[in-house]
Amino acid sequence: MRIRYTAYPWVRSRAEKEVQRVILDHGNLRRFRKGDLVIEAGNFYPNIAIVISGMLSKSFGIEGNSKNQAMSILLPGAILGASFFMSRRCSNLAVEAIRDSAIIEVNHQFLEARMCANPSFLRLMMNHFMLDMESDLEGLATLIARTHEECLRLLFKIIIVREKVLPEDGWYQLPINFSHNELSKIIYTTPLTVNRFLLAWKKQGLYFRKGTQRFVHHQLLENISDWKHETDFTTCEAVETSCF
């Protein structure tokens, strides 16, 4: 029930606990207000960071298109800056705080030294970098291969599984209150299309909203992906190696 990889499309997995610990213990805190640019398109980012609160988007725009932005999201526990670290190149993607957010950064030199000195840590970092690349590839493949309605169902399931939400009487409360605009950007459609899907699910008894909270029935999430609540893409055993 997946397109190509095990990584979640659009939504970054949490870094392994040892990776988080190293960055949190040795990094520097930066805070951003909603709307602040963390990385401007075309600039180079010299750090690896972990998101500790809020939500960031990694996005690109297409001039003259009503679907004017497509974005993946970085939630607490996600890593930022892998492509810059691996390629040493700038990127045309922008990273923006779409909620008030905070990150912890370490520079490339510190992380390289740590990886060279500890092969098992190097393997953990390489595994997570690969997951982030897979997430981007999976996101693009999913947008091509699935309908927008399927993409929205899949996005809801990703958030529920990532945050380990348990159902009550068959209903899941979505742990993140996305706006229609945010949802439309992630699955690359329009807010009106998102609203149409939600109204249809409501009529089918599969979705309702109570105040600011959204609830989806477990039937909406079936046969869309085989991810389970215990799915954790960071717990694969690290293979120690002395060199590459």
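This text gives an overview of the structure that appears in the document. None of these values were measured; they are calculated from a predicted model. (Residues numbered from 1 in each chain as written. Predicted model: local features only at pLDDT ≥ 70, side-chain atom pairs only at ≥ 80, totals over all residues. Heavy atoms only, no water.)

What about helix H3 (residues 108-117)?
- By the burial criterion, the buried members of H3 are His108, Leu111 and Met115. Buried residues of H3, viewed axially, fall in a sector of 70 degrees; they line one side. Opposite the buried face of H3, by more than 90 degrees, sit the exposed residues Gln109, Cys116 and Ala117.
- Each element contacted by the buried residues of H3 is listed here: strand S3 (47-53), helix H2 (82-87), strand S8 (101-107) and helix H4 (119-145).
- Capping the start of H3 is the job of one residue whose side-chain oxygen sits 3.2 Å from the backbone nitrogen of Gln109: Asn107. (Buried < 20%, exposed > 50% of the residue type's maximum accessible area, 1.4 Å probe, protein only. Helix = DSSP H or I, 4+ residues; strand = E, 2+ residues; numbered from the N terminus. Arc of directions from axis to C-beta. Contact = heavy atoms within 4.5 Å. Polar contact = N/O pair within 3.5 Å; in protein donor to acceptor, adjacent residues only side chain to side chain.)

Observations concerning the packing of helix H5 (residues 148-162) against helix H7 (residues 191-203)
- One can describe the packing of H5 onto H7 by two numbers: an axis separation of 10 Å at closest approach and a directional angle of 75 degrees. As judged from the angle between their axes, H5 and H7 are roughly perpendicular. Facing H5, whose interface residues are His148, Glu149, Leu152, Arg153 and Phe156, H7 presents Val194, Phe197, Leu198 and Trp201.
- Counted by class, the contact of H5 with H7 contains six nonpolar, one polar and two charged residues. (Axes fitted to C-alpha atoms, helices over the stretch in contact; angles between N-to-C directions. Parallel < 35°, antiparallel > 145°, perpendicular 65-115°, else oblique. Nonpolar A, V, L, I, M, F, W, Y, C, P; charged D, E, K, R; others polar.)

Details of the packing of aromatic side chains
- All chains considered together, the criterion is met by six aromatic pairs.
- Taking the centre distance of 6.1 Å and the plane angle of 70 degrees together, the rings of Tyr45 and Phe84 count as edge-to-face. Placement of Tyr45 in the loop between strand S2 (37-39) and S3 and of Phe84 in helix H2 is noted, with a sequence separation of 39 residues between them. Summarising the burial analysis for this pair, Tyr45 and Phe84 share the class buried.
- What links up through ring pairs into an aromatic cluster is the set Phe44, Tyr45 and Phe84. (Phe/Tyr/Trp six-rings, centres within 6.5 Å; stacked < 30°, edge-to-face > 60°.)

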